[in-house]
Amino acid sequence: MSGAAAEIVFDRVTKRYPGRAEAAVSDLSLTVPAGEICCLVGPSGAGKTTAMKLVNRLIDFEEGDITIGGESVRSLDLTELRRGIGYVIQQVGLFPHMTVAENISTVPRLRGWEKGRTRLRVDELLDLVDLPAEDYRARFPSQLSGGERQRVGLARALAADPPAMLMDEPFGALDPITRARLQHELLRIQGAVRKTIIFVTHDIDEAILLADRIAILREGGVLAQYDTPARILEHPADDFVERFIGSDRGIKLLSLRRLDELELAPLDGAIDLRASGDTTMRDALSQMITHGSRSLVVVDSEGQPRGVVTLDALAALAE
Amino acid sequence: MSGGLLLAQGEPIIPDFGEGSDCVVENRFFCPDWVRDNWAGVIQPALLQHVKLVVIAVAIGFVLSFAAALVAHRYRLVEAPFTAFSAVVYTIPSLALFQLLVPVTGLTVTTVEIALVGYTLLILFRNTLEGLRSVPPDVLEAARGMGYTRGQTLWRVELPLAVPAMFAGLRVAVVSTIALATVAALVIPYGLGYPIFLALREAFKTEIVVAGGLAVLMALVADALLVAAQRALTPWASARRLA
Amino acid sequence: MIRKHNRRAAKAAYSVALGVALLLGLSAAAAPAAPQQSTPIIVGAKNFPEQYILGQLYRQALVAAGFKVGYKENIGSTELIDTALKSRQITLYPEYTGVMLSVTFKRKSLPKTPQATYSLAKQLYERRGQTLLARTPFQDRDVIAVTRATAKRYNLKTLSDLKRVPNLSIAGFPEWNTRWRGQIGRQYGVKGFKFVPLAGISAYQLLDQGDVLAADVFTTDPPLLGSKYVQLRDPKNMFGFQHVAPVVDQRLVQQYGTRFTSTINKVTRLLTVKAMQAMNKAVIVDQRPAARVADAFLKANGLKKK
């Protein structure tokens, strides 16, 4: 299990803890297409972390099945299964007694890679997560900042080029600026590596930003809705989903769309506010409100005005 | 024997036993001549014996407590009985422990070593176990999630991370065993305790200074060696923290 | 400083040991030595100079008489050496008659004469398989000493004379005060004195410096050899009697008979207080090895070939 991304399928999976009446995950079926990010979201107690840990059997289950690339996780040797799935957690869990390089080469070492190959891979990954290898290879985790640690954690999970990754609120403990930066880094890296990622978060905005598809779970691990962010925002399946995604779903929806998608009005007089075509509509709206302007000029990559977006046009969209 | 009293057969002859140097007779603070005369015959053997007592006691104590800690780490039930056992041993005064052992193991080095090993158990066991348990839960979860087996987790993660706690235990055990090993002299003329106790009774200053000083020096050297060893083994623990 | 009266700490240790022995089901009695064809002669000695000398004297005299002898010296307390004796780790050792009764047999009151002290101890040992050979002329017991000048000035001869001394101060080991202050008050009327506990300094030094007027010392201490100090008599024998008698395993007597006992007794009868003080001085003050001192003494007195 390595290399190309693999499809992950939950097939009627139920997880019950002994002594508890309600199931933690109930009859969960969903398919994560290969190379996509699936965010598991929901209130606490909705079983999102449990559902994720069933995949690498950190939590075992009896009912239903999960397959990765068509192979049942239950048919695989436990350690082999885990070594084939990248795993990233909120507290990172770097080994304090190992250098950055040693941490990243954990799984390659477990799999018996040659030293030379491992070393090359470490440098490649450090480069990928934007940490200069020369500078970082020999550091210990205690010599890294929170954000740097999570980058190393990500590199470690990617080390043996697993087809699937599990990420459990990886950015939850970071400050907002670092978090935002790492979210975009993840998208950039995903653009390059194309893994199948199951990403647990309680932050719906993070899910909207990162996910190709979002699975919203409710109490008892019941799947409330599984769809693309846009469709969930546009058509919440029920009251629970609607409440969960919040009363500002109109605004959230705008964050999924970019100014390029709009038909622009012709230039009309002098407008100070400018934005490029790949700005999200949400950011454009925010700028207009911030500057007390009812319109904004969209410019092309050379900075030449292409047309005007008005407040009214945005409001009409969000209906 | 009539009541044990023997009629004196005249006064005994008291021969000339030879005299000590002025320094010795006046019992000055430090007599180099005494040290020179007694280094090879008294002090050096006592020092070597002392080192042997300590090394053997700590080595055996470490192996036993290490094994016990591994078992207790795996099976929690083992912890309480072993702690209780080693704590009871720890609280028995050495003289009392010797009382128990002498009928079985005699007036021998074995008797002393058993007592010394007994005193190291509590500290070494507690520290090793605490060390194994001090591994952060997220590190253990990451290890499990990445496919470490239980054994690999123990040997590659938990034990290396327990090393500083184990060394802390070793340092206390070694230094206290160096001090405690002087009680060997209660059972046999062995180790630095022999000249120390003897000199204390005679209030003979040179011997107190030399033998006592060597014991202190030995403790300092042993501790420094352990600190150096720990530094070498755990570079990560002393790595500069990010401000 | 010679110290054998280490009773308090040893007593506490002994009670703990006893308790633990019961707990663990381990005891000296539970591990008797296997019956043997012959009991070896193993001389034991406690851990202070006088005992090394005594141990060496008996050992060397027996060897000179053709016996095969084991030797274990430096055994840390009366209780421990008694345990070693009972478990036959040693089969002979010199002990003080008063200590036998008060420590080994835990007697509260002691007989009034040296002979009665010795006889009672012997009787008690024989009940458990040991016996005593002859006792020494010397004894090593507590005695209050003052400088000759002080003795002259206050005309001091016995303990009761101390009543007359104004601002009396007495030095001694810390436990001396608890054990003897009441006694010396009741028996000799000496009360209201200042007690100075000894800590890392010899009693004689305190006397010489005039820091104290009187000091509790032991009768075989080398400084008492000369005429510098006066020992105050103890006519009521408050301090009891501390002659030395070899405690031996009765099997040794049965096995080797008078050839064995007379060899020991010949040594014992030579041990006057002068002889013991001289040998203690050689070991303590001149730092001569105990083995060589014993050797010289035995040779001088014809108990070992020159």
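This structure is a prediction, so every number in the text was calculated from the model and none was measured. (Residues numbered from 1 in each chain as written. Chains lettered and ligands numbered in written order. Predicted model: local features only at pLDDT ≥ 70, side-chain atom pairs only at ≥ 80, totals over all residues. Heavy atoms only, no water.)

Looking at this structure, I do not really get the overall build of chain C. What am I missing?
Within chain C one finds 11 helices and 10 strands. The buried share of chain C, reckoned over its 306 residues, is 58%. A separation of at least 24 residues holds for 75% of the contacts in chain C among residues at least 6 apart in sequence. Counting every atom, chain C has about 12,400 Å² of accessible surface; 53% of that belongs to carbon and sulfur. (Helix = DSSP H or I, 4+ residues; strand = E, 2+ residues; numbered from the N terminus. Buried < 20%, exposed > 50% of the residue type's maximum accessible area, 1.4 Å probe, protein only. Contact = heavy atoms within 4.5 Å. Areas by Shrake-Rupley, 256 points an atom, 1.4 Å probe, with all protein chains shown as cover.)

Can you walk me through the overall build of chain B in this structure?
If you tally the helices and strands in chain B, you get 10 helices and 0 strands. Listing every helix and strand of chain B by position from the N terminus yields α-α-α-α-α-α-α-α-α-α. The C-alpha radius of gyration of chain B comes to 25 Å, more than 25% above the 18 Å expected for a compact globule of 243 residues. With 243 residues in all, chain B has 51% of them scored as buried. Residue pairs at least 24 apart in sequence account for 76% of intrachain contacts in chain B once pairs closer than 6 positions are excluded. On chain B, roughly 11,200 Å² of surface is accessible, and the fraction owed to carbon and sulfur atoms is 68%. For chain B, the separation between the mean place of its 16 positive charges and that of its 16 negative charges on side chains is 20 Å. (Rg over C-alpha atoms; globule rule 2.2 N^0.38 Å. Lys, Arg positive; Asp, Glu negative; His and termini not counted. Charge placed at Lys NZ, Arg CZ, Asp CG, Glu CD.)

Could you clarify how one ought to interpret the state of the cysteines in this entry?
Here, the word disulfide means a covalent bond between the sulfur atoms of two cysteines. All names here are of chain A. If you walk through the whole model with that rule in mind, you get 1 disulfide over all chains. Of all cysteine sulfurs, the one in Cys38 lies closest to Cys39, which takes part in no disulfide; the gap is 6.9 Å. For Cys39, a relative accessible area of 0% puts it in the buried group. (Disulfide = S-S within 2.5 Å.)

Before we go on, may I ask you to explain helix α7 (residues 150-180) of chain B in this structure?
Side chains that are three or four residues apart share a direction in an α-helix, a result of its 3.6 residues per turn. In a regular helix each residue adds 1.5 Å, so 31 residues correspond to 45 Å; α7(B) covers only 38 Å between its end C-alpha atoms and thus falls short of that length. B:Val163 marks the point of greatest bend in α7(B), at about 45°, and the proline B:Pro164 comes within the next four residues. (Expected span 1.5 Å × (residues − 1). Bend = angle between axes of the 7 residues up to and from the residue.)

What's the story with the arrangement of the chains in this structure? I'm lost.
The top pair by number of contacts, from a total of 2 pairs of chains in contact, is chains B and C. Between chain A and chain C there is no contact, and the shortest C-alpha to C-alpha separation is 43 Å.

What should I look at first to understand the nonpolar core in this one?
Side chains of nonpolar character tend, in soluble globular proteins, to be buried together. By size, the foremost hydrophobic cluster in this structure holds 77 residues, and its most contacted members are B:Leu192, C:Leu80, C:Ile90, C:Tyr125 and C:Leu132. Here the element with the most residues in this core is helix α2 (residues 32-74) of chain B; it accounts for 12 residues. In contact with C:Leu80, other than residues within four places in its own chain, are B:Leu95, B:Phe98, B:Gln99, B:Val102, B:Leu186, B:Val187 and C:Ile75. One finds A:Val122, A:Val129, A:Leu182 and A:Leu233 within the second-largest nonpolar core, a separate group that totals 48 residues. (Core = buried A, V, L, I, M, F, W, Y, C linked by side-chain atoms within 4.5 Å.)

Even after reading the chapter, I still don't get the pairing of strand β13 (residues 305-310) of chain A, so can you show me in this structure?
Regular strands place side chains that alternate from one sheet face to the opposite one. Residues and elements named next belong to chain A. Taken together, the 5 bridges between strand β12 (residues 295-299) and β13 define a ladder with antiparallel strand orientation. If you follow Val297 over to β13, its bridge partner there is Val308. Once β12 ends, the chain turns through 5 residues before running back antiparallel as β13, passing Gly303 with a positive phi of about 90°. (Pairing = 2+ DSSP bridges.)

Where do I start with the pattern of salt bridges in this structure?
If the charged atoms of two oppositely charged side chains come close together, the side chains can form a pair. Residue and element names in this part refer to chain A. Tallying each qualifying case throughout the model produces 35 salt bridges over all chains. Among the ionic pairs, Asp135 bridges to Arg139, the shortest N-O distance being 3.3 Å. Residue classification places Asp135 among the partly exposed residues on the basis of a relative accessible area of 43%. Given a relative accessible area of 16%, Arg139 falls into the buried group. We note a salt bridge from Asp205 to Arg282, for which the minimum N-O separation is 3.9 Å. (Salt bridge = Lys/Arg side-chain N within 4 Å of Asp/Glu carboxyl O.)

So what exactly am I meant to see when it comes to the environment of C:Pro114 here?
Residues and elements named next belong to chain C. Assignment of secondary structure puts Pro114 in helix α5 (residues 114-126). Of the residues examined, Pro114 reaches a relative accessible area of 25% and is grouped as partly exposed. In this structure the C-alpha to C-alpha distance between Pro114 and Gly98, which are 16 residues apart in sequence, comes to 8.9 Å. What Pro114 contacts, discounting residues up to four positions off in sequence, is Arg135, Phe241 and His243.

What exactly am I supposed to notice about the sheet that holds strand β7 (residues 164-168) of chain A here?
By way of backbone hydrogen bonds, the strands of a sheet pair with one another, either parallel or antiparallel. Residue and element names in this part refer to chain A. Read across the open sheet, the 6 strands follow the order β6-β7-β8-β3-β9-β10; overall the sheet is mixed. The open sheet terminates on both sides in strands that have one partner only, identified here as β6 (85-89) and β10 (222-227). Neighbouring strand axes in the sheet, compared pairwise and without regard to direction, differ in orientation by 15° on average. Along the sheet, helix α1 (residues 48-55) makes contact with β3 (37-41), β6, β7, β8 (196-200) and β9 (213-218), crossing β7 at roughly 150°. (Axes fitted to C-alpha atoms, helices over the stretch in contact; angles between N-to-C directions.)

Is there a simple way to think about the packing of helix α5 (residues 109-133) of chain B against α7(B) in this case?
Each packed pair of helices is defined by two parameters, the angle between the axes and the distance between the axes. Residue and element names in this part refer to chain B. Interaxial distance between α5 and α7 falls to 7 Å at its minimum, and their mutual angle equals 150°. Between α5 and α7, the interaxial angle falls into the category roughly antiparallel. Like other packed secondary-structure pairs, α5 and α7 cross with a definite hand, here right-handed. Considered class by class, the residues forming the contact of α5 with α7 number 15 nonpolar, 6 polar and 1 charged. (Parallel < 35°, antiparallel > 145°, perpendicular 65-115°, else oblique. Left-handed = near helix turned anticlockwise from the far one by under 90°. Nonpolar A, V, L, I, M, F, W, Y, C, P; charged D, E, K, R; others polar.)

Even after reading the chapter, I still don't get the sheet that holds strand β9 (residues 229-231) of chain C, so can you show me in this structure?
All names here are of chain C. Reading across the sheet, the 5 strands line up as β7-β6-β8-β5-β9 and stay open at both edges, with mixed pairing between neighbours. Pairing within the sheet leaves two strands with one partner each, and these edge strands are β7 (194-197) and β9. Strand-to-strand twist across the sheet, computed as the mean angle between neighbouring axes with direction ignored, equals 35°. Sitting on the sheet, helix α7 (residues 174-188) is in contact with β5 (142-147), β6 (169-172), β7 and β8 (214-218), with an inclination near 145° to β7.

Please clarify how the side chain of C:Gln130 should be interpreted in this entry.
Its place among the elements puts C:Gln130 in strand β4 (residues 130-132). Take C:Gln130: its relative accessible area is 4%, and that puts it in the buried class.

Can you help me understand the interface of chain B and chain A in this one?
One widely used convention gives an interface's size as the accessible area the parts lose upon coming together. Chain B puts 22 residues into the contact, and the matching count from chain A is 27 residues. Where chain B meets chain A, there are 1 salt bridge. Among the salt bridges present, the one from B:Glu141 reaches A:Lys53, with a minimum N-O distance of 3.2 Å. Linking chain B with chain A are 7 residue pairs in polar contact (both at pLDDT 80 or more). Looking at which element gives the most residues to the side of chain B that touches chain A, the answer is helix α6 (residues 137-145) of chain B, with 7 residues. Looking at the side of chain B that touches chain A, its residues break down into 12 nonpolar, 4 polar and 6 charged. (Polar contact = N/O pair within 3.5 Å; in protein donor to acceptor, adjacent residues only side chain to side chain.)

Please clarify how the environment of B:Ala80 should be interpreted in this entry.
All names here are of chain B. Take Ala80: it is sitting in helix α3 (residues 79-91). Accessibility expressed as a relative area gives 54% for Ala80, which makes it exposed. As for Ala80 and Asp37, which are separated by 43 residues in sequence, their C-alpha atoms are 52 Å apart.

For this particular structure, what's the right way to read the packing of aromatic side chains?
To describe a pair of aromatic rings, one takes the distance between the centres and the angle between the planes. Under the counting rule described, the total for this entry stands at 18 aromatic pairs over all chains. Relative to A:Phe244, the ring of A:Phe240 has its centre 6.2 Å away and its plane inclined at 20°; by these criteria the two rings are stacked. Here the residue A:Phe240 and the residue A:Phe244 both occupy positions in helix α11 (residues 239-245), the gap between them amounting to 4 residues, near one helical turn. An aromatic cluster of three or more residues is present, and its members are B:Phe82, B:Phe85 and B:Phe125. The ring of B:Tyr75 has B:Arg74 lying over it, and the distance from NZ or CZ to the ring centre is 5.3 Å. (Phe/Tyr/Trp six-rings, centres within 6.5 Å; stacked < 30°, edge-to-face > 60°. Lys NZ or Arg CZ within 6 Å of the ring centre and 35° of its normal.)

Would you mind going over the domain arrangement of chain C with me for this structure?
Residues and elements named next belong to chain C. Segmentation of chain C into domains returns domain 1 (37-139 + 242-300) and domain 2 (142-231). Look at where the C-alpha atoms of domain 1 and domain 2 centre, and you get two points 29 Å apart. Every contact between the two is made by 12 residues of domain 1 and, on the other side, 6 residues of domain 2. Both faces considered, domain 1 and domain 2 share a buried interface measuring about 690 Å² in area, 62% of it formed by carbon and sulfur atoms. Three residues, Gln139, Gln277 and Lys281, lead the burial of domain 1 against domain 2; their summed loss comes to 52% of the area buried on that side. Taken together, the links from domain 1 to domain 2 amount to 0 salt bridges. Applying the counting rule to domain 1 against domain 2 returns 4 residue pairs in polar contact (both at pLDDT 80 or more). When its residues are assigned to classes, the side of domain 1 that touches domain 2 shows 6 nonpolar, 3 polar and 3 charged. (Domains from an automatic or database assignment. Buried area = accessible area lost by both parts, 1.4 Å probe.)

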